[in-house]
Structures are given as structure tokens and as C-alpha cells.
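Breakdown of the fold
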Amino acid sequence: MRVFSGIQPTGAKHFGNYSGGFRQYAATQERGEAFFCVVDLHSITVDYDPAALREQTLDLAAMLFATGLDPGRSTVFVQSHVTAHAEAAWLLSAVASYGQLGRMTQFKDKGDGREFVSAGLFTYPVLMAGDILLYQADAVPIGDDQRQHLELARDIAERFNARFGETFREPTGIYPNVGARIMDLQEPTRKMSTTGGTPQGTLLLLDPPDVLRKKIRSAVTDSGSEVRRGDDKPGVTTLIDIMSVATGETPGAIEERYASGGYGPFKADVAEAVVELLAPVQARYAEVRSDAGELERLLAVGARKAR
Ligand code: ATP
Ligand code: LTN
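In what follows, the accompanying structure is described. The structure displayed is predicted, hence computed values, not measured ones.

**Some details on the pattern of salt bridges**
One pass over the structure, following the stated rule, counts 19 salt bridges. For the salt bridge of Arg2 with Glu33, the shortest nitrogen-to-oxygen distance reads 2.9 Å. In this pair, Arg2 is assigned in strand β1 (residues 2-7) and Glu33 in strand β2 (residues 33-38), connecting sequence segments 31 residues apart. The partly exposed category is assigned to Glu33, whose relative accessible area is 45%. The shortest N-O distance in the salt bridge between Arg190 and Glu187 comes to 2.4 Å. What you see here is one network of salt bridges that share partners, running through Glu226, Arg228, Asp232 and Lys233.

**Points about the pairing of β2**
The buried fraction of β2 amounts to five of the six residues, a majority that puts the element mostly inside the structure. Two strands pair when backbone bridges link them, and β1 and β2 are joined in this way by six bridges, in the parallel orientation. From the neighbouring strand, Arg2 faces β2, where its bridge partner is Glu33. Taken together, β1, helix α1 (residues 15-28) and β2 form a β-α-β motif whose crossover is right-handed. Sheet analysis places β2 next to strand β3 (residues 75-78), joined by four bridges and oriented parallel.

**What about the packing of helix α3 (residues 50-66) against helix α13 (residues 292-306)?**
For any two helices packed against each other, the geometry is given by the interaxial angle and the distance between the axes. Relative to each other, α3 and α13 sit at 80°, their axes nearing to 10 Å. It follows that α3 is roughly perpendicular to α13 by the angle criterion. Here Leu58, Ala61, Ala62 and Phe65 of α3 lie close against α13, whose contacting residues are Ala292, Leu295, Glu296, Leu298 and Leu299. Classifying every residue of the contact of α3 with α13 by side-chain character gives eight nonpolar, no polar and one charged.

The rules behind each value
Position numbers for residues start from 1 in each chain and track the written sequence from start to end. Throughout, the order in which chains and ligands are written sets their labels, letters from A for the former and numbers from 1 for the latter. pLDDT decides what is reported in this predicted model: residues at 70 or higher carry local features, side-chain atom pairs at 80 or more are listed and counted, and totals for whole chains, interfaces and linings draw on all residues regardless. Based on all heavy atoms of the structure, the side-chain values leave hydrogens and waters out of the count. Each salt bridge in this description consists of a side-chain nitrogen of Lys or Arg and a carboxyl oxygen of Asp or Glu lying within 4 Å of one another. To qualify as a helix, a DSSP run of H or I must reach at least 4 residues; to qualify as a strand, a run of E must reach at least 2; elements of each kind are numbered from the N terminus. Categorising residues by exposure relies on relative accessible area from a 1.4 Å probe, with only protein chains included: less than 20% of the type maximum marks a residue as buried, more than 50% marks it as exposed, and the intermediate range marks it as partly exposed. The rule for pairing is simple: two strands pair if DSSP sees at least two bridges between them. Orient the strands so they point away from the viewer; a crossover is then right-handed if the path from the first strand over the helix to the second runs clockwise. Between the N-to-C directions of two axes lies an angle of 0 to 180 degrees, each axis being a line fitted to C-alpha atoms and, for a helix, fitted only over the stretch in contact. Working definition: roughly parallel below 35 degrees, roughly antiparallel above 145 degrees, roughly perpendicular at 65 to 115 degrees, and oblique for all remaining angles. Here, residues are in contact when the closest pair of their heavy atoms is within 4.5 Å. Side-chain classes are defined by residue name, with Ala, Val, Leu, Ile, Met, Phe, Trp, Tyr, Cys and Pro counting as nonpolar, Asp, Glu, Lys and Arg as charged, and the others, Gly among them, as polar.

The following block contains the structure:
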């Protein structure tokens, strides 16, 4: 089985990225031949600083290794190092539907209210389709917010195959059972995000333990005091999901344990679970990130393999 996923180097990485991205990458690398791409070409579709982007590319590569990618097993590389990605995007744009691109919710969300909306922000999903299709990927581990983009990639493959003969494999998205869409802790009707969420409601993977504790303690928890999941309880649901992702316990087991204990002790335990999960990640990150030369070497090896 071929596995492919991409992740943007801009924006500090958060618990939602861990849930829908990083932890799934580490798990899926065991199941086949895996490629993980730092998609810097996607990040230039909105305002960016070139020097910062280069640093953030290394930051993200370090985080990919710190969360469990094994360079001996997975091919980890930077999108702009493999020129075929940009070429594929142009060629596939001939079989991508303009109407369908206009219906992408990420385009509408990210474009809304901006003074300048780049054409690249609009064609962004075609580049993503190229990323996936070039590698004949069967499985694409992603979060729920990328579902629409994955569907578009499948449609592009199908249309290309129908017109030019069987060429591309149609990829399947892999979503986590719990935590496919982690919500913002302050506004639990919006997804946790460094671009669209609130700073207090976003748990960063590199937040110090006390900051993580404070953000979780001040998370909104809806009315009533029962710890249970439900559409009427988006705040508590988010905290249960976060705990489930951090500990591997099922949401049901967590609900049962905290059902009548009130929010205070529950939140304290969620915070400790997150701190315990992230402390070793942060330590590995510091170690890996301190050797930029080695990171660059690993990415060069990855790009060669990807090519
Ligand atoms: P952001 O919204 O913070 O700008 P993003 O989705 O635009 O992030 P990436 O950092 O490239 O961009 O996302 C990496 C992975 O994390 C993707 O597979 C995405 O689906 C997943 N992801 C992002 N936010 C969440 C979330 N709140 N819950 C679960 N998965 C998420
Ligand atoms: N669009 C994705 C990032 C991304 C991706 C990919 C994910 C770019 N290319 C290929 C999976 C496969 C995002 O915004 N998170």
C-alpha cells in the first residue's frame, strides 16, 4: 500500500494537527510505503516571509520526526525540492473543474475578508491532487477538513483516467475515529486552527506545560455539569476527544469515569494527559531541531527518493 500526506510549514502546529495529521502519519507508515511532504508551495498562496518559511520548513520536518516518523522507513521531503509537483498541478488543472474549485470551503474561508486573494489560493486543491496522484497513493491520512479536497483529487483522477486511459489510482482518505476535527477550546463551533481559531483556544504542540494547563482550565464547557459528549455540549465533547487522543482510551470509558465528578477534576486530568503526551515530543523536537545540518541532509535524501 502507498501512503501519502502533506502538511503546511506555516502556522504553529497544534493539537488538531497532531490528531488528524502527525499521529496518523506515524501509524500509517507501518502499513505500507509512505511519503510525507512539507508542502511549502501551498504555503505561498497567502502572505508569507521567504526567510521565515525556510526556517518553518525545518521546524516542521523536526516535528514530523519528533512525533514518530522514522526516516529509515518513511520518505520525508519538501514539496518545492521535487519540481514534478508544480508540473503536475498545471497539467491536472486542465481536468479540474472551475465550478468545483469555487465550492471548496477552505477557499471561501481563507479568501473571505482578504484584500488580496491569489489565484494560487483558488487552484490550491489542484496542487494537492497532484501531490497525491504523482505517488499513486492508495491512502491519505488527513483530518476531516481535508475531506472535500480529497474528493476533488479523486474526481480529477477519475476524469483524467476516463479521457486518457487508466493512469492514476483513486486515493482513499484515512480519518481518525476520534479527533478527526478537534474544535477550538474557546469557540468550540470552529475547528482548532492557527489561522482561523482563537489563540487561547488553540493548544500548540510546543506550548510549555503551564500554558497548556491554563488553556485547558479556561476552556468553555457549556451548561450543566455532566461530562458527556453531545451536540449540545461542543466544549465538553472537544475535551473528551482530546483526552481520548492523548491517552488512547475510548470516549465512552472517559465519559463513564467522569460522569458525575464535575468539570474541575476532569479538566485537570485532561491537562495532565496532554502534558504527558507532549513532554516527550517537545524533548525530541528540541534535540532534532538543534541539528539543522542533519535535518537538511534527511530532507535531501527524502527528495531524491521522492523524485
Ligand atoms: P490550520 O487550520 O491550523 O491553518 P491546516 O488544516 O490549514 O491547519 P495543515 O497544518 O497542513 O493545515 O494541516 C495538517 C493536517 O492537520 C491536515 O491533515 C488537517 O486535516 C489536519 N487538521 C488541521 N486542523 C485540524 C483539527 N482541528 N482537527 C483535526 N485535524 C486537523
Ligand atoms: N491541503 C492540506 C495540505 C496538503 C495535503 C496534500 C494533505 C497539501 N497536499 C496532500 C494530504 C495530501 C491542508 O491544508 N492541510
